[in-house]
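# Survey of secondary and tertiary structure
The primary structure of each chain is shown beneath.
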Amino acid sequence: MSSVLTSFVQMEAIDRAALAEKFVVASVSYSELSTDERNTQLPTLPGKIYHSGRVLSLVQDRKESKYWLLLPFSQSIQLKDESLAVRCEPFEQVDGWVLRSLLIRALPRLLEPGYGPGRFEADGLFYVTGDRELSGRGNIITAVRIDPTWSRTARKWYLAVQTHTFTPTKIHERDGRIPPNVAKLPRYELDIVGQELKRARTGEYVRKALSKKHKARVPAVDLTRTTLEAYYSTRLGVLSIFFEDLKRAYGDAVSIELEAITPEEHRLVRDAEVSAGYESLHRTLRENPIWIINASSDEDAAARLETEIKRLGFDVKIADDISPNELNILLVDEKDSYESKDVDPYQIARKTYQDAVIQSCYPERLRKEGKSHVAEVLVKELLIKWEVKRRELMVEYPALPEDAWFIMSMRPKHENLRPKARWPMYFCQKRGKQLEFGALTDEMFESLQVDLNSEIKRQVFEGYDRADLIYWPDSGHAIVAGDTGAVSLPDEKRIHQWVAEIDRTLSQGIPASLLEQYCLRHPDSPITSRLRTIMAGCESVIEAESLKDIGYKRKSDQHFHDFLSENGARLKAPFASWDAGALQATTGIWINRLTGFYMAGPKGSPSRKQGNFCHVYRVNAGDESVPDWFWDSLKVWHVRHKGPTVLPYIFKHLKEYAARQTFADSEPMSVVRAR
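Note that the coordinates shown come from a computational prediction; the quantities given were computed from them, not determined experimentally.

The final tally for this structure, using the stated rule, is 40 salt bridges. For the salt bridge of aspartate 271 with lysine 603, the shortest nitrogen-to-oxygen distance reads 2.7 Å. Residue aspartate 271 is located in helix H9 (residues 271-285), and its partner lysine 603 is located in the loop between strand S28 (597-600) and strand S29 (609-610); the two are separated by 332 residues in the primary sequence. Looking at lysine 603, the relative accessible area reads 30%, which means it is partly exposed. One salt bridge in this structure joins glutamate 656 and arginine 350, with 3.5 Å as the shortest N-O distance. Placement of glutamate 656 in helix H20 (residues 650-664) and of arginine 350 in helix H11 (residues 345-352) is noted, with a sequence separation of 306 residues between them. Like arginine 350, glutamate 656 is buried. In the salt-bridge network here, residues are joined through shared partners; they are Arg350, Asp355, Lys385, Lys389, Glu656 and Arg660.

Moving on to the packing of aromatic side chains. Counted under the stated rule, the structure contains 25 aromatic pairs. Taking the centre distance of 5.6 Å and the plane angle of 70° together, the rings of phenylalanine 120 and phenylalanine 166 count as edge-to-face. Taken as a pair, phenylalanine 120 in strand S6 (residues 119-121) and phenylalanine 166 in strand S9 (residues 156-168) lie far apart in primary sequence, 46 residues in all. Under the relative-accessibility criterion, phenylalanine 120 is labelled buried at 0%. Stacked on the ring of phenylalanine 8, the Lys or Arg lysine 156 has its end atom at 5.0 Å from the ring centre. A cation over an aromatic ring shows up here: arginine 422 above the ring of phenylalanine 445, its NZ or CZ 3.7 Å from the ring centre.

With that settled, the discussion passes to the pairing of strand S18 (residues 327-331). Two faces, one strand: in a regular strand the side chains alternate between the faces of the sheet. The buried count for S18 comes to five of five residues, which makes it a mostly enclosed element. Side chains Leu327, Ile329 and Leu331 project from S18 onto one buried face, and the interleaved Asn328 and Leu330 project onto a second face that is buried too. As paired strands, S18 and strand S19 (residues 357-361) are joined by five bridges and run parallel to one another. Each bridged residue has a counterpart across the sheet, and for leucine 330 the counterpart in S19 is serine 360. Remark: the S18/H11/S19 crossover connection has right-handed handedness.

Here we take up the side chain of serine 151. Within the secondary structure, serine 151 is located in strand S8 (residues 138-151). With relative accessibility at 2%, the residue serine 151 sits in the buried group. Not counting chain neighbours up to four residues away, the residues in contact with serine 151 comprise Lys156, Tyr158 and Thr484.

Side chains of a nonpolar character, in soluble globular proteins, are inclined to be buried together. Of all hydrophobic cores here, the largest spans 69 residues; its most connected members are Ile309, Ile470, Tyr598 and Phe630. In terms of residue count, helix H12 (residues 371-390) provides more of this core than any other element does, nine residues in total. Residue contacts for isoleucine 309: discarding those within four places in its chain leaves Ile290, Phe314, Val316, Ile329, Ala375 and Val379. Residues Leu56, Leu103, Val218 and Val499 belong to the second largest nonpolar core, which totals 53 residues.

On to the environment of leucine 239, then. Inspection of the secondary structure puts leucine 239 in helix H8 (residues 235-250). Classification of leucine 239 by relative accessible area gives buried; the value is 3%. Taking the C-alpha atoms as reference points, leucine 239 and leucine 159, separated by 80 residues in sequence, lie 9.4 Å from one another. Non-local contacts of leucine 239, meaning those with residues more than four positions away in its chain, are made with Ile146, Leu159, Val161, Leu258 and Leu489.

Before going further, it helps to spend a moment on the pairing of strand S17 (residues 316-319). Pairing geometry for strand S16 (residues 290-294) and S17, over four bridges, is parallel. When the bridges of S17 are listed, tryptophan 291 appears paired with lysine 317. The β-α-β motif built from S16, the intervening helix H10 (residues 301-311) and the parallel element S17 has right-handed crossover chirality.

Procedures and definitions
The residue numbers shown here count from 1 along each chain, following its written sequence. This being a predicted model, a pLDDT of at least 70 is required before a residue's local features are given, and a value of 80 or more before pairs of side-chain atoms are given or counted; all residues contribute to the totals for chains, interfaces and linings. Neither water nor hydrogens contribute to the side-chain values; these are computed over all heavy atoms in the structure. By salt bridge we mean one thing: a side-chain nitrogen of Lys or Arg within 4 Å of a carboxyl oxygen of Asp or Glu. Strands here are runs of E lasting at least two residues and helices are runs of H or I lasting at least four, both read from the DSSP assignment and numbered beginning at the N terminus. Residue burial is assigned from relative accessible area. The probe radius is 1.4 Å, only protein chains are included, and a residue is buried under 20% of its type maximum, exposed over 50%, and partly exposed in between. Pairs were defined over the aromatic rings of Phe, Tyr and Trp, the Trp ring being its six-membered one, requiring ring centres within 6.5 Å. Orientation was assigned from the angle between planes: stacked under 30 degrees, edge-to-face over 60, tilted for the rest. Definition used: whenever NZ (Lys) or CZ (Arg) falls within 6 Å of the ring centre and also within 35 degrees of the ring normal, the charge is taken to sit over that ring. Paired strands, as defined in this entry, are two strands with at least two bridges between them according to DSSP. For crossovers, right-handed means that the path from the first strand over the helix to the second runs clockwise, given strands pointing away from the viewer. Throughout, a residue-residue contact means that at least one pair of heavy atoms, one from each residue, lies within 4.5 Å. Residues enter a nonpolar core if they are buried and are Ala, Val, Leu, Ile, Met, Phe, Trp, Tyr or Cys, with the set joined through side-chain atoms within 4.5 Å.

These values are about where atoms sit, not about what they do.
In structure tokens form, the structure reads like this:
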């Protein structure tokens, strides 16, 4: 079985002695202030530090309430605040995570501007992939952040490769004032010439998109255009630049290797099995009409949605209000357009008709090419909500143990939430096709505290992203599953090499002698006559554009392109091939039973263009092996639209039940009416 690359850090080599000859590590803290005073002053400290000397990078140590910084050798900083303590720290005594982060974040200030996107350090290492100027209001900067991150679920480090958007505070103003949720964010100042952002107390930029609708996207992979410029504008391409930057900045003194995992099982999800699952879903739901209520400002939205739902074979009715015992789709404007939840029609409907099946939809999603896709998503969401309302599974699902409790936490919606705060928890049991839901009692909570080991308790009861739990009350046995934060990656090194080779051929062309050589060696090839036509009238070099019509699907075409590649003139590569390609790790389901790591990716063959990387999950069954029913329970195609689910499917139902409880705990509001 071929191994799959992940963003877990497998090995890092740091030559501390060599680095100590070039750099100094120091720490800055408020040693004489109380805890409350330190917490008040710390957010303003980065700006002071950056203006105190030639600081290469900065890392906050929240546990110790201090900042670590990297300086050039023999350099120091001058801080006027006498309450601050500055200490130079011996390289050999600095924690590995601190040194790793400092070295990575220092790259933009150590390297001259090179190829690819611009680089800057601002609470992490950022590579600029987009910069859009707003008339008189500043710039919207899109950047990919690379930062080492600790995974509580996997108990190891990984490289986070994430997209972030920086925006001027001006565009967030309402009635001339900056909203509190924006005002409290760290500020940055922009050097337009160098495209660099720095922490500054009075800066005019924050790391926040204008809204989810305007959030910038950087594709994970896009090999539809195989030039280095296009490749470096993707997250995988940024990762390639990052590894080269490490080499350029530190030579052999610093290196990072990513972990490859060898799965015992890696299977494609076939289109046919997904289609069969959806046809069964549609047959079941067609027994009931779907009611459409338009509470949006788009008067034509209901008619557009009606057309798409009818194409799926459903009976559709347009109504003025929610039908409590029917399947309802409520058209509403985006939630950011409403002043508060109190006037949001969807929030009103959920609170007023707490037991009804209601799925919301934004009208603008029905104006795009993917509107048929939107209709399918709406229908499958109605099924889940209907099953929760009826407490019964209406289509065929894989078996689950009936003596197990499936338990999840619901994050409270209030600020100043402590990492160890107790969250509301809910459970579900499956008995045949019947579902039983409930809130976790204090008695059951105490039983979990006794039966779970310390590692599982940390994952389930602490932090802001808590794992889901499967628990057997009779035996005290438990299985915990959660997102590690790491992702499954294509073969980065091979893809980077192939793209670089293609880019070079596109710019230099192909020697005519190479084509002549192929024709002489393979006179019976189906493409030989085409090659001779192309060579007619050409001089010593043939432009790559002349060969664009020779694809890579037929064996004769592959044979020709492989010949070019072997002779240093690559124009094509088997990126998406299951056997020889470099994208296999991004699709299907792969499982490593020994470690509990797994990925549930999209259906079908690998795609050359992917919006996101798939996350790696980990399931932990303690001293016992993970049962087969767990893996089978991922093979449900309508929890995540037309792909496997990342957790046993029943957690989708449990999440819907928990969401209903939040509305049940609130006061009913004015009834929503269609416009």
